[in-house]
Amino acid sequence: MPSWGKVVLIAVLVAVAVGVVVGTVTWALMRSDSTPPDIIELDWWERTIIYQIYPRSFKDTDGDGIGDLRGITSELEHFVDAGVGAIWLSPIFVSPMVDFGYDISDFYDIHYEYGTMADFEELIRRAQQLGIKVLLDYVPNHASTESEYFKKSVAREPGYENFFIWADPKIDANGNRTVPSNWISQFGGSVWEWNEGRQQYYLHQFAVEQADFNFREPAVRQEMINIMRFWIEKGAHGFRLDALPHLFEADPRDHGGVFPDEPLSGNMFLTGDQVGYTTQEYVRDLIEIYDVVYEWREFADKWQEDNDSETIVLLAEAYANISMTMLYYGDERGRVGCHFPFNFDFITSLKAASNARDFVYVINRWLTYMPYGNVANWVFGNHDNSRAPSRFRTIMVDGLNALNLMLPGVAITYQGEEIGQRDGYVSWNDTVDVNAINQGNPDNYLEYSRDPARTPYHWNNSTNAGFTTGPTTWLPVAEDYMEINLQAQKDAERSHYKVYQYLSRLRGMASLSHGTHHLEALSVNTMVLVRHLATYNTYALVFNVGTEEDTVDLSRVTFLAEPITVYESSVFSRRRSGDTISLGELILQPGEAIVLRAPPT
């Protein structure tokens, strides 16, 4: 070989060697946290944070005291700052507002109080610029009695005769007209309402003004797909599917031509007009529901394929037992359902008195029952239930947010949870929730009211919490807005919002996006959640859910090794980011949560 060739060869070998060393060092540093390039890339929705917006209470831009679409558009940067990947809007469609948007009269247009179709299109355009997906609340179970669908059905117009559940009356021994069955509405009273025009009863599982569609009518099922297609073409990336357990009721053809009475539940604390007085076995969770959901998934996937689109997600609202809930994912015959049914276990199965073992059990139950290959999700609050800090304790805010953001799967954040917003007080005179008005009275209405969880968002400490420039709001602003508001928490050295931001960034780490999890109760009061991936940093949440100081032994925790440092902690914790923690005894104050970082094991 010529001498110059040897020189070139030596130079190349040295360069390669240096490159390998540098690359190895760089990769070793990278691997401590960043997402591994050799692991399958997750779809956009699989590890995102979905933020539920209650539009009426988010941000008002025209001074009428009601939130609107322009308000949402004006604050989209908030979601970027918070690490949110998708927003889900509670109903924005034309509605008489008996149930504040869940009684839709026109499924193809925007309710005037929220803006115009042009406002919606601008919201989509701006969200796309910022990389935020927009999901819509889809209400397939029922329509407003002011809708054209219902008016045409009353008139028995061809094609609409059977759009809703109609029934002839029973006639008692005295010749009086009575309801077809003893079924009870979710909002109290009979599900049956007489219609003079049609001379029949129609069924409403919710308010009288919300007539249930007949999903055994092919034209109804086709129209539901038409509605979804319309909004997908407008730019929606998917839907939260409302009230799915109520899509079907018992078929009279299976019961001798009549709607059968339900057995009584035996609950002596309920009256005959209250939901739960009967077993509800004929009005919810019928197996036919899943066929419809699987049809919708087939449509969404086909649209996505035909249009070379990103994934269109379907998310099921289903308060059902665990086995029935899991069927929304799909069945054993290979049919695919929703991308996930909402996991309401933190709302329905846990409370302030729950201990660490309860938390671990409830979390593991979902992960145990979830069919293989599917994605979990975690819901701590929504527009229908008391806010998490009010259901649990205010000192638990950061720990609850940490659980939500560190568990495997999709995190759902309800409007205000990132700042620890609590229920607002709403007097009987200010109450507007149809459920409370129908079933409550001035003494007990708060047992039924959903208004306290729907009070306006706290932007700052100005008049009306910066929600509106107008003098009044559709629901009163909570009295604690001077203390709990976004701007104050942005300005503070430590705050719930800053903890939330820090934890949302953590979700991008390999150990959380692709790692395994280990969950256990270290004591009656303290639980630990570990996220681990070989050769990457391990992260562990240690959370005292109790009301007393607790001491636990970290040496018991799987995958933890020294040196251990604090990644983040509750706002009131004495520990700070960067503090060193020994692999031994750890004392935690009531409600205290600490996120630890440990080296690869």
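Structural data are supplied above this passage.
Small disclaimer: the values here were computed from a predicted structure and weren't measured.

Regarding the sheet that holds strand E20 (residues 538-544)
(1) Moving on: If you trace the 6 strands from one edge of the open sheet to the other, you get E18-E19-E20-E25-E22-E23, paired in antiparallel fashion. Strand pairing shows two members of the sheet lacking a second neighbour, strand E18 (516-521) and strand E23 (580-581), which therefore form its edges.
(2) Moving on: Summarising the sheet, E18 and strand E19 (residues 526-532) pair through 6 bridges and their orientation is antiparallel. Across the sheet, threonine 516 pairs through a bridge with histidine 532, a residue of E19.
(3) Moving on: Contacts from helix H10 (residues 356-369) reach E18 and E19, with the element oriented near 145 degrees to E18.
(4) Moving on: Sitting on the sheet, helix H12 (residues 397-406) touches E19, E20 and strand E25 (593-598), and the angle it makes with E20 is about 145 degrees.

A few points about the pattern of salt bridges
In a structure, side chains of opposite charge can pair up when their charged atoms sit close to one another.
(1) Moving on: Going through the model one piece at a time under the given rule, you end up with 31 salt bridges.
(2) Moving on: Close ionic contact of aspartate 242 with arginine 240 constitutes a salt bridge, the shortest N to O distance being 2.7 Å.
(3) Moving on: Connected through shared salt-bridge partners, Asp99, Asp384, Asp433, Arg450 and Arg454 make up one network.

Topic: unusual backbone geometry
(1) Moving on: Cis geometry is found at the peptide bond from glutamate 562 to proline 563, where omega equals 0 degrees.
(2) Moving on: Here proline 563 lies in the loop between strand E21 (550-553) and strand E22 (564-569).
(3) Moving on: Despite not being glycine, phenylalanine 100 shows a phi value in the positive range, around 50 degrees.
(4) Moving on: By the element assignment, phenylalanine 100 lies in the loop between strand E3 (93-94) and strand E4 (106-110).
(5) Moving on: One non-glycine residue with positive phi stands out, namely aspartate 308, at about 50 degrees.

Things to note about empty space enclosed by the protein
(1) Moving on: Taken as a whole and judged by the stated rule, the model has 3 cavities of 30 Å³ or more.
(2) Moving on: Where the lining of the largest cavity is concerned, the elements lending two or more residues are helix H11 (388-391) and H12.
(3) Moving on: Take the lining of the largest cavity: its biggest share by element is 4 residues, from H12.
(4) Moving on: Residue composition of the lining of the largest cavity, grouped by class: 5 nonpolar, 3 polar and 1 charged.
(5) Moving on: Approximately 40 Å³ is the volume attributed to the second largest cavity.
(6) Moving on: Looking at the second largest cavity, the residues that line it are Asp398, Ala402, Val499, Leu503, Leu541, Glu568, Ser569, Ser570, Ala593, Ile594 and Val595.
(7) Moving on: Among the elements of the structure, H12, helix H15 (496-506), E22 and E25 are those that each provide at least two residues to the lining of the second largest cavity.
(8) Moving on: Counting residues per element, the lining of the second largest cavity draws most heavily on E25, at 3 residues.

Conventions used here
- Residues numbered from 1 in each chain as written.
- Predicted model: local features only at pLDDT ≥ 70, side-chain atom pairs only at ≥ 80, totals over all residues.
- Heavy atoms only, no water.
- Pairing = 2+ DSSP bridges.
- Helix = DSSP H or I, 4+ residues; strand = E, 2+ residues; numbered from the N terminus.
- Contact = heavy atoms within 4.5 Å.
- Axes fitted to C-alpha atoms, helices over the stretch in contact; angles between N-to-C directions.
- Salt bridge = Lys/Arg side-chain N within 4 Å of Asp/Glu carboxyl O.
- 1 Å grid on protein atoms, 1.4 Å probe; cavity = no way out; pocket = protein on both sides within 12 Å on 5 of 7 lines; lining within 4 Å.
- Points joined across faces, edges and corners; volume = space filled by probe spheres on them.
- Nonpolar A, V, L, I, M, F, W, Y, C, P; charged D, E, K, R; others polar.

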